[in-house]
Each structure stands twice: as C-alpha cells, then as structure tokens.
Amino acid sequence: MVIAQSPPDAAKVLFGREVAPTAGPAWAIGAYERGCLSGAVALPADGPNWQVMRPSRNRAWGHPVLIALLERLAAKLPAEAGWPGLLVGDIAQPRGGPMLTGHGSHQIGLDADLWLTAMPDRRLSPTERDEMSATDLVTADGMGVDAAWTPQHRRLLETVAREPAVARIFVNPAIKRALCREAGSDRGWLAKIRPWWGHNYHFHIRVSCPSGEAECHDQVPPPSGDGCGKELDWWFTEEALHPPPSPPRRPLRLADLPHACAALVAVRNGQAVQVPMQVR
Ligand SMILES: [Zn+2]
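From a predicted model like this one, the values you see are computed outputs, not experimental measurements.

With respect to helix α5 (residues 173-182)
Among the ten residues in α5, seven count as buried, and that is most of the element. Buried-residue contacts for α5 involve α4 (151-161), β9 (166-171), β10 (193-195) and α6 (230-233). Capping the start of α5, N172 holds a side-chain oxygen 2.9 Å from the backbone nitrogen of A174, two or three residues further along.

What about the pairing of strand β11 (residues 202-207)?
The buried fraction of β11 is high, at five of six residues. Relative to β11, strand β8 (residues 111-115) runs antiparallel, the two sharing five bridges. Residue W115 lies in a different strand from β11, and its bridge partner there is H202. Bridge count for β9 against β11 is four bridges, and the pairing is antiparallel. The residue bridging R168 from the neighbouring strand is R206, located in β11.

Points about the coordination of the zinc ion
Coordination of the zinc ion by the protein comes from H106 (NE2), D113 (OD) and H204 (ND1), over a distance range of 2.0 to 2.2 Å. Donor residues for the zinc ion sit on one chain with the sequence pattern H-x6-D-x90-H.

Quick look at the state of the cysteines
Considering all chains together, one arrives at three disulfides under this definition. At a sulfur-sulfur separation of 2.0 Å, the disulfide partner of C180 is C228. Across the S-S bond of C180 and C228 the torsion is about -85°, and the bridge reads as left-handed. In this pair, C180 is assigned in helix α5 and C228 in the loop between β11 and α6, connecting sequence segments 48 residues apart. Comparing C180 with C228, the two get one shared label, buried. One disulfide in the model links C209 with C216; its S-S distance is 2.0 Å. Of note, the bridge from C209 to C216 carries an S-S torsion of about -80° and is left-handed in sense. Sequence-ordered numbering of the disulfide-bonded cysteines in the protein chain gives the connectivity 1-6, 2-5, 3-4.

Calculation notes
- Residues numbered from 1 in each chain as written.
- Predicted model: local features only at pLDDT ≥ 70, side-chain atom pairs only at ≥ 80, totals over all residues.
- Heavy atoms only, no water.
- Buried < 20%, exposed > 50% of the residue type's maximum accessible area, 1.4 Å probe, protein only.
- Helix = DSSP H or I, 4+ residues; strand = E, 2+ residues; numbered from the N terminus.
- Contact = heavy atoms within 4.5 Å.
- Polar contact = N/O pair within 3.5 Å; in protein donor to acceptor, adjacent residues only side chain to side chain.
- Pairing = 2+ DSSP bridges.
- Donors = N, O, S within 2.8 Å, 3.2 Å for Na, K, Ca; no water.
- Disulfide = S-S within 2.5 Å.

In structure tokens, the structure reads:
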C-alpha cells in the first residue's frame, strides 16, 4: 500500500527493501532526517538489561557508537535510575535512510526510540515483542502525566540526558513539564530534554555525530537553560495541542539525499561500499 502510493525512486522504497547492512567501517552520512548509514551493526535482540521490541520490523540497526552507548546505558540503569532495563524500539534500517512507515528522522543510525515501559523480569517471546502495547504516560487532554508516571521515569531520563554523547532527548511536552517540576537545583541536563508531539509511549534519544565523520551533520545544540519557561508554555496552547493538519510532504527521492547514499542501495548484501568522502 505504502509502496504503491510512492514514486518508484522514493528513497523510502529503496532503503526500506534492504534487509542487511553494507560491510566496512561505519559512516553516518547526512542529517538525522535526510541521510543514510554505511557499516551499521545490530543491537542483539537480548542483552542482560535490554530486549529489542518489534523484531519483525528489522530496525535494530545503528551506528556502532549508538549501539555501544545503548548497551552501556542499559547496564547502569538498574543501579543509577532504579530502572530494570530497556525495551528498545526503532533504531534504524540496515542501511539507514527514510522508512516506509513512521519517523522523519532515524536515517543515519544515531537516533533510537526507547520505551517508557520498564523491562519485565522475564524474556518476552518474539510474538509478545511484536504485539505488546507500551504504557501511555500522558493524560487524554495532553496537559500532564498520568498515574503511570513514577520517580524512576525521571531518573531514567535524567541519567540518559547526562550522557555526554546524547545531544537531545524528545519527550511529550507533558513529560517535560513533569521533569521541570521534579528536577532539583541542578538543572543543566534539562536543556537536552526537548518537547515534541507524540512521545508519550517512548522517548527518543539522539546522539551527536561521531568525531571525525565529516559527512555527518550535527543539529545545532539546543538553547542553554532548562527550557521550562515560556518555550514550554507554548506547547500547552490550543495552537500546539490541536495543530491544523499539514499537507502531505513529497517523499524524499534518492537525489534528495547526500550523493554517497546512492551507492548504499546499489551494493549487494555483505559487500562493502566505498563512500567518497568530501573534505569540508
Ligand atoms: Zn524516534
């Protein structure tokens, strides 16, 4: 259905059908919402402190820098945040790029969605991982968090935000509001917590471009300050809570992505790709 409605050169069709990464060194190419990923690695479906959700989507691929961070974070969350482990949602496709369903970003293997549901103390079956629903933490009117919100959620988000490699964390405005209320006097970490629509079942972490990757485009850093004042208030106005529907956007074509991305959908599984690096 999605494929039938898309032009044949839509980048999401070309990247969406790749089932394996390219070999070779990892390169994040382009920007979070317009790019691709060479040399991706998969987060294993199971680790001591994580479980990959929605395995049938095959979106647990990422830049090795992000995958290593997730593994390290998961290991320290029980002690540091009282959070038993991570249920990991979408990271990226095997070669990154735009997706047929969901997500404007997640294209260069440096974004990951993490569930706001604590990991259960047993291994979920593949069917459960595909079908289990996540916990909604926001009230129906969008104004605040609901009874499912716990101090562990705050500690989880604070621990992740304090990671130097994490550039931004997207959460529902109601969750940012709760964090603003509950944070103490040490509030610098709140700058990275960015309100955005949705994100009431999961939060989204975005890490900075790995050093030395000239083709990777960082986003400008978030404004300093805790972001708890006027900037946050806007999210609870009628304009933000019930925005008018925006017209559908033309899907990205391969030519809209960085030049090097075309090579990624032209090589066979397991083959390395020579990514021409431009000096900038
Ligand atoms: Zn996301």
